[in-house]
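Given next are the chains, with one letter for each unit.
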Amino acid sequence: MILSIESSCDDSSIAITEIDSKKLLFHKKISQELEHSKYGGVVPELASRLHLEALPKILEETKPFFKNLKAIAVTNAPGLSVTLNEGVMMAKALSVSLNLPLIGVNHLIGHIYSVFIEKDVIDNIMILLVSGGHTKVLEMKGGYTNITELATTIDDSFGESFDKVAKMLNLEYPGGPIIEKMALNGNENKIQFPIPLRQSSEIKFSYSGLKNAVRLAIESGEYSKEDIAASFQKAAITHLMMKLKKLFKTKIPTNFAIVGGASANLKLRDELQKMAEKYRFNLIYPELKYCSDNAAMIGRIAVDMYKNKDFSNLDLEVKARVEF
Ligand code: KG4
Ligand code: ZN
């Protein structure tokens, strides 16, 4: 079995995954959303202190598995350095005391593997990763060692833009689910927000211009929060779809996964479903409980890394950013 730890942002989570069967034997997560919500975003120092409290509590519950462990896996990048440190320190201490190899996991690859929890990996897959820190289209061929980035954002990420719009509307953090719910009671055609990079032939994303357009609409005082939420969400998703269509002109995937915290957005899933029917690809998404950060996905990728003996030394570092 592998014990995996996730603490890259505001979720403290630990999982136990059986290596041969890939079965998830234990999984627990303590979220800090309530503590951060009044600040309109994650406060790194507070997050780090809360991990220090939550991680040992969850770890205690995994003690019965200790004798069967073969490795300790931990997210070491990307994320908030001070919160990554909490998980990495715990993982190193466990690796030393239980005399087990250490596996440093890239959180973004962890998100990709959220669709393979208790399952085999699909050999050839295109992925839309939409989280609080990232908006990327990736392609994975033959597993985690061969991942190529096809597109990324030049400024804010998709999830982050929902958080920022929520903050401007005096709503709580995280903004994604709140905006999505509020949009259900609004008219998405009320405000014609500019679709980012509409004229550009380049396949890249941008959300800062849209965010500013939303700010101006709020300041005008002419629109209801519901109409702003619905019209913003429509523009944010249309931007993703337009760029994906551009990409599919050169490359149509056989399998397409949408992962990351914002992959929970049902309107986004609906639009991708329409694309899947049009381009005839197999659309895959994680179970809702594995969309946001969790250690189950970290444990799943760690199984494949363990099989490759892809181990880290005790000098494993945390990194706020990673490149593909
Ligand atoms: O993957 P995740 O839990 O953490 C990071 O790795 O960033 O993603 C969190 C992000 C937040 O920005 C949150 O607002 C967004 O995902 N999110 C959503 C929805 N649920 C979460 N964005 C849009 N619609 C949603 N339903
Ligand atoms: Zn994440």
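Note that this is a predicted model, so its numbers are computed, not measured.

Caption draft 1: Highlighting unusual backbone geometry. Omega for the peptide link from A77 to P78 comes to -20°, which places this bond in the cis form. When you line up the elements, P78 lands in the loop between β4 (71-77) and α3 (81-98). Between Y173 and P174 the backbone carries a cis peptide bond, its omega angle lying at -5°. Looking at where P174 falls in the secondary structure, it is placed in the loop between α5 (158-168) and α6 (175-183).

Caption draft 2: The arrangement of the site of ligand 1 in detail. Taken together, 20 residues lie near ligand 1, and G132, D163, E180, G261 and N265 sit nearest. Measuring from an oxygen atom of ligand 1, one finds a backbone N or O atom of G159 at 3.2 Å. Between ligand 1 and G261, the relevant distance is 2.9 Å, taken from an oxygen atom to a main-chain nitrogen or oxygen of the residue. Isolated, ligand 1 exposes 560 Å² of accessible area, and the fraction of that covered by the protein chains is 89%. Here the residues of the shell around ligand 1 are counted per class, giving four nonpolar, twelve polar and four charged. Split by domain, the residues of the shell around ligand 1 number at least three in each of domain 1 (2-115 + 290-307) and domain 2 (123-285).

Caption draft 3: Local environment of the domain arrangement of the protein. Annotation of the protein at the domain level lists domain 1 (2-115 + 290-307) and domain 2 (123-285). Relative to domain 2, the C-alpha centre of domain 1 lies at a distance of 27 Å. Facing 21 residues of domain 1, the contacting portion of domain 2 comprises 22 residues. When domain 1 packs against domain 2, close to 1700 Å² is buried across both sides, 75% of that on carbon and sulfur atoms. Contact with domain 2 buries surface across domain 1, with I112, V115 and C291 losing the most and accounting together for 34% of the total. For the pair domain 1 and domain 2, the interface holds zero salt bridges. Where the side of domain 1 that touches domain 2 is concerned, the elements lending two or more residues are α1 (33-37), α4 (107-112) and α10 (295-307).

Caption draft 4: Layout of the nonpolar core. F158 and L244 are the most contacted members of the largest nonpolar core, which has 45 residues in total. At the level of secondary structure, the elements contributing two or more residues to this core comprise β6 (124-130), α5, α6, α7 (208-220), α8 (225-250), β9 (255-259) and α9 (266-279). In terms of residue count, the dominant contributor to this core is α8 (twelve residues). In this structure, F158 is in contact with V130, T135, Y207, A236, I237, L240, A262 and L268, ignoring residues within four places of it in sequence. One finds M140, A257, A295 and A302 within the second-largest nonpolar core, a separate group that totals 34 residues.

Caption draft 5: How the structure looks around the coordination of the zinc ion (ligand 2). Distances from the zinc ion (ligand 2) to its protein donors, namely H107 (NE2), H111 (NE2) and D293 (OD), fall within the range 2.0 to 2.1 Å. Considered as a linear motif, the donors of the zinc ion (ligand 2) on their single chain read H-x3-H-x181-D. Residue H111 is found in helix α4, and its partner D293 is found in the loop between β10 (282-284) and α10; the two are separated by 182 residues along the sequence. For D293, a relative accessible area of 13% puts it in the buried group.

Caption draft 6: Broad picture of the environment of V42. If you trace the backbone, V42 turns up in the loop between α1 and α2 (44-61). A relative accessible area of 21% means that V42 is categorised as partly exposed. Separated by 33 residues in the primary sequence, V42 and C9 have C-alpha atoms spaced 7.7 Å apart. Beyond its immediate stretch of four places on either side in the chain, V42 contacts C9, D10, H36, A47, L80 and Y173.

Caption draft 7: Local environment of α2. The terminal C-alpha atoms of α2, which comprises 18 residues, lie 26 Å apart, in line with the 26 Å expected from a rise of 1.5 Å per residue. The sharpest bend along α2 reaches about 25° and sits at H51. Those residues of α2 not exposed but buried are L46, A47, S48, L50, H51, A54, L55, I58 and L59. Looking at the buried side of α2, the elements it contacts are β1 (2-6), β2 (11-17), β3 (24-31), α1 and α3.

Caption draft 8: Looking closely at the environment of G159. Its place among the elements puts G159 in helix α5. For G159, a relative accessible area of 10% translates into the label buried. For G159 and H134, which are 25 residues apart along the polypeptide, the C-alpha to C-alpha distance reads 7.8 Å. Setting aside residues no more than four positions away along its own chain, G159 makes contact with S131 and G132.

Thresholds applied
- The written sequence of each chain sets the order in which its residues are numbered from 1.
- The order in which chains are written sets their letters, starting at A; the order in which ligands are written sets their numbers, starting at 1.
- Thresholds applied to this predicted model are a pLDDT of at least 70 for local features of residues and 80 or more for the giving and counting of side-chain atom pairs; totals over whole chains, interfaces and linings are not thresholded and use all residues.
- Side-chain measures were taken over the full set of non-hydrogen atoms in the model, leaving aside hydrogen atoms and water.
- Strands here are runs of E lasting at least two residues and helices are runs of H or I lasting at least four, both read from the DSSP assignment and numbered beginning at the N terminus.
- Each residue is tested against the molecule or strand, and it is near if at least one of its non-hydrogen atoms lies within 4 Å.
- Throughout this description, a polar contact denotes any pair of N or O atoms lying within 3.5 Å of each other; where both atoms belong to protein, one of them has to be capable of donating a hydrogen while the other can accept it, and for residues adjacent in sequence the pair is counted only when both atoms sit in side chains.
- We get accessible surface area from the Shrake-Rupley algorithm with a probe of 1.4 Å; when it comes to residues, only the shown protein chains can shield them.
- Each residue gets one label: Ala, Val, Leu, Ile, Met, Phe, Trp, Tyr, Cys and Pro are nonpolar, Asp, Glu, Lys and Arg are charged, and the others, such as Gly, are polar.
- Domain ranges listed in this record stem from an automatic or a database domain assignment.
- Working rule for contacts: check all heavy atoms of both residues, and any pair within 4.5 Å makes them a contact.
- By buried area we mean how much accessible surface two parts lose on assembly, using a 1.4 Å probe and totalling the loss over both.
- By salt bridge we mean one thing: a side-chain nitrogen of Lys or Arg within 4 Å of a carboxyl oxygen of Asp or Glu.
- Remark: nonpolar core denotes a set of buried residues (Ala, Val, Leu, Ile, Met, Phe, Trp, Tyr, Cys) joined through side-chain atoms within 4.5 Å.
- Whether a residue is buried, partly exposed or exposed follows from its accessible area with a 1.4 Å probe, protein chains only, as a fraction of its type maximum: under 20%, in between, or over 50%, in that order.
- A donor here means an N, O or S atom no more than 2.8 Å from the metal, or no more than 3.2 Å when the metal is Na, K or Ca. Since water is not included, a site may seem to lack partners.
- Every helix has an expected span of 1.5 Å times one less than the residues it contains.
- Bend angle per residue: angle between axes fitted to the 7 residues ending at that residue and the 7 residues starting there.

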